[in-house]
Amino acid sequence: MSLALARKYRPRNFATVAVQDHVANTLKGAIARGRVAHGYLLCGPRGTGKTTLARVLAMALNCERRGEPELQGEPCGQCASCQRIWSGSASLDVVEIDAASNRGVDDARELRERAMYAPSGDDRYKVYIVDEAHMLTREAWNALLKVLEEPPPRVVFVFATTEPQKIAQAAAPVLSRLQRFDLKRIGPAEIRERLAAVLTEEQVAFEMDALAMIARAADGGLRDALSLTDQVLSLGESAAVTAERVQTALGLIPDDEYLALLDMVADRRAAEVFSAVQRLADAGVDFVLVLSGLGDLLRAQLAIELGGVPPELPERMRAALAERKGRLAANDLLRMLHALLELEPMYRRSGQPQLLLETLLVRFALLDRTIELQEVLQGFGSGGREDPPRRAAHETRVAPAYAMAPAASSFVTPPPTVPSATAQTATPPRTPASAPSAPPIPTPRPATQQVADAAAAAQEAARSAPPRAPSGPPPDIDRVGARWRDVADTLRQNGRGMLAQAVERLIPMTIAPNGTLTLGYDPLDDTFAQAVEKSRADVLAAVQGMFDGLTALVLKPHTPAAAAPSRDTTVRMTAHDVQRQRTEQIASRNALLDAAVKALDLELLD
């Protein structure tokens, strides 16, 4: 029975440990110079060589040829001691412990007692390799603390972990007793190079694209890559490693499926999303893999759109994405990636991954119906005049914060142009012989242009409207107080519901001879008074529309007990009311933003 590739090609010395030269050279130098520490902590992702380095260290410390000048700290790999340690066989001086199943304080005490025994020879070391060290309990670390600080002679502890932060939380003092080495993830290029060497040694034909697919699936772990290669070789009678066999053996999704999804989004074919996702579901694919592969595809397409070269991409896939350059804007792709990253934590916990994927793809396909809020505000500032190139680009651009625009028919359309009297007299009347001309078909305008025009017209009307002069003597304060709720109802009919609620909380107190109305508010809660203060002009207009002779508003604190209102003005506010009030307060600080909120019916989300 042959060994698995991950065991057969496990490194026998420091020189053959892939990528981790910074750790291998340090350990080899410590052995050669006789400066071996009593404790090491090896941290890094799975399959990057932590246990392998620990075994090579144990082999070098107990090699029968240790000390020969030509070795320079390396194990020979051929003597009986090296063979026994490399194969994981029983050894008196090298003990491997799995902390996942031996994590209690009793196990730690037993390890501490065993460490007191001397090695089997005067020139040998006792090496304890503790794998998954983060699984040890706090009590177990406390039991080991003293022996780690002052170990017996020629005893070395090597702890391997994928989560060093858990050790720092459970036993921070231990870290100061150990030399820590952080192993790096192994890149796809190094994994492909190693797999090519192994398959060449095994005399197995392979395709570089197939090795690239295995390297991506291994996710930085060389051991995982070798195990996946074993899995591919076990499929069928052919010994060749091809891209098709890798997809079949590992259950990977073909690149053509991802390209079809990208084309569907680029062509804005939102209706086809559900059938495409159902086809993937019928094939039994893992939707987590779909989401991950879609992210890699969008990242590669973004790199191409920006003029870069996507790394670690098969040549066929790179050519296919290059042909699609220009179909999606770079900021569209960036927004898609951002939405995908926001969805990923929810995706892994959801019981409906298919529904989440469908809604995400539909959202991508409808990006052409979004508008850029920054350009809306810029359009307000320019009086609604936009450059033609910028106006034409609205349909394909998405801002970091965007809102889905309603259908074109729901936008405010400009009123029909009424011809002036001069124009009417100058136009000759139609004769019975003249044929009626067809009405011109209006050309649809972008959403931002319509909103900007409406805002510009509102600003122009506000500037041109003369201040209203009082048309009579000021009204009686009792009359104003009796009809104060009608003022709030007027504001509510004009779409200012939150402002109407704030007005209802105020109390009309006095009216000066010059027409100044003084409104009182609770000094312990000035929230509603601040809302009215920011929209003073709107409130004054509503008051003047109901009462003649009023010229200004003044707000003053007033104790409710001194002048309680004659009616119950208690209003229960919901969470939606509070959110809408915040929107009105923020929008009232900026005329352009206020116009955008009113025209687009925006709400404050955060």
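Residues numbered from 1 in each chain as written. Predicted model: local features only at pLDDT ≥ 70, side-chain atom pairs only at ≥ 80, totals over all residues. Heavy atoms only, no water.

**Q** If you had to explain the overall build of the protein chain to someone new, which residues and values would you point to?
**A** Helix and strand content of the protein chain: 29 helices and ten strands. When burial is assessed residue by residue, the protein chain has 42% of its 606 residues classed as buried. Counting only contacts in the protein chain whose residues sit at least 6 apart along the sequence, the fraction spanning at least 24 positions is 73%. Of the accessible surface of the protein chain, which amounts to about 32500 Å², a share of 54% is contributed by carbon and sulfur atoms. (Helix = DSSP H or I, 4+ residues; strand = E, 2+ residues; numbered from the N terminus. Buried < 20%, exposed > 50% of the residue type's maximum accessible area, 1.4 Å probe, protein only. Contact = heavy atoms within 4.5 Å. Areas by Shrake-Rupley, 256 points an atom, 1.4 Å probe, with all protein chains shown as cover.)

**Q** Could you give an account of the environment of glutamine 72, naming the residues involved and the relevant values?
**A** Along the chain, the position of glutamine 72 falls in the loop between helix H3 (50-62) and helix H4 (80-87). On the accessibility criterion, glutamine 72 (52% relative accessible area) is exposed. Separated by 40 residues in the primary sequence, glutamine 72 and alanine 32 place their C-alpha atoms 5.5 Å from one another. Non-local contacts of glutamine 72, meaning those with residues more than four positions away in its chain, are made with Lys28 and Ala32.

**Q** Describe in detail the side chain of histidine 134, supporting the description with residues and values.
**A** By secondary structure assignment, the location of histidine 134 is in the loop between strand S3 (126-131) and helix H6 (138-149). What makes histidine 134 buried here is its relative accessible area of 10%. A polar side-chain atom of histidine 134 sits 2.8 Å from a polar atom in the side chain of threonine 161. Ignoring sequence-local partners within four residues, the contact set of histidine 134 consists of Thr161, Thr162, Glu163, Lys166 and Ile167. (Polar contact = N/O pair within 3.5 Å; in protein donor to acceptor, adjacent residues only side chain to side chain.)

**Q** Which residues make up unusual backbone geometry, and what values go with them?
**A** At glutamate 132, a position not held by glycine, the phi torsion is positive, near 55°. Structurally, glutamate 132 can be placed in the loop between S3 and H6. The residue arginine 154 is not glycine, and still its phi comes out positive at about 55°. Tracing the backbone through its elements, the reader meets arginine 154 in the loop between H6 and strand S4 (155-161). In this structure arginine 154 comes out as partly exposed when scored by relative accessible area, which is 29%.

**Q** With reference to specific residues and values, describe the confidence of the model for the protein chain.
**A** For the protein chain, per-residue confidence averages 79 on the pLDDT scale, and residues scoring 70 or more make up 75% of the total. Every residue in residues 461-467 is under pLDDT 50, and counting partners more than four places away or in other chains gives zero contacts. Note on residues 561-571: pLDDT under 50 across the span, and twelve contacts to partners over four residues away in sequence or across chains. (pLDDT = per-residue confidence, 0-100.)

**Q** Could you give an account of the pattern of salt bridges, with specific residues and numbers?
**A** Applying the stated criterion to the full structure yields 28 salt bridges. Linking lysine 146 and glutamate 150 is a salt bridge whose minimum nitrogen-to-oxygen distance equals 3.9 Å. One salt bridge connects arginine 492 with glutamate 504, and the closest N-O pair in it is separated by 3.3 Å. In this pair, arginine 492 sits in helix H24 (residues 484-493) while glutamate 504 sits in helix H25 (residues 497-504), placing the two residues twelve residues apart along the sequence. Take arginine 492: its relative accessible area is 36%, and that puts it in the partly exposed class. One salt-bridge network, in which partners are shared between bridges, spans Asp263, Asp267, Arg269, Glu272, Arg324 and Arg327. (Salt bridge = Lys/Arg side-chain N within 4 Å of Asp/Glu carboxyl O.)

**Q** Explain the nonpolar core to me, and be specific about the residues and the numbers.
**A** The biggest cluster of nonpolar side chains holds 40 residues, and the ones touching the most others in it are Leu298, Leu321, Met336, Leu357, Leu361 and Phe364. Put simply, the parts of the chain that give this core at least two residues each are helix H13 (255-266), helix H14 (273-282), helix H15 (287-305), helix H16 (315-323), helix H17 (330-349) and helix H18 (353-365). Sort the elements by how many residues they give to this core and H15 lands first, with nine residues. Residues within four places of leucine 298 in sequence aside, it is in contact with Leu262, Leu333, Met336, Leu337, Leu340 and Phe364. Residues Val23, Ile31, Tyr40 and Leu71 belong to the second largest nonpolar core, which totals 33 residues. (Core = buried A, V, L, I, M, F, W, Y, C linked by side-chain atoms within 4.5 Å.)

**Q** Give a detailed account of the pairing of S4, specifying residues and quantitative values.
**A** Counted residue by residue, S4 has seven buried out of seven residues, so it is predominantly covered. Covered by surrounding structure in S4 are Val155, Phe157, Phe159 and Thr161 together with Val156, Val158 and Ala160, the residues of both alternating faces. Where S3 lies against S4, five bridges are found, and the strand directions are parallel. The residue of S4 that forms the bridge with lysine 126 is valine 155. Remark: the S3/H6/S4 crossover connection has right-handed handedness. (Pairing = 2+ DSSP bridges. Right-handed = clockwise from strand over helix to strand, strands pointing away.)

**Q** I'd like a description of the packing of H13 against H15, backed by residues and values.
**A** Two elements in contact, H13 and H15, have axes whose closest approach is 10 Å; the angle formed by their N-to-C orientations is 65°. It follows from the interaxial angle that H13 and H15 lie roughly perpendicular. Relative to H15, the crossing made by H13 is right-handed. Residues Tyr258, Leu259 and Leu262 of H13 lie in contact with H15, whose contacting residues are Leu289, Val290, Gly293, Leu294, Leu297, Leu298 and Gln301. Taken together, the residues of the contact of H13 with H15 break down into eight nonpolar, two polar and no charged. (Axes fitted to C-alpha atoms, helices over the stretch in contact; angles between N-to-C directions. Parallel < 35°, antiparallel > 145°, perpendicular 65-115°, else oblique. Left-handed = near helix turned anticlockwise from the far one by under 90°. Nonpolar A, V, L, I, M, F, W, Y, C, P; charged D, E, K, R; others polar.)

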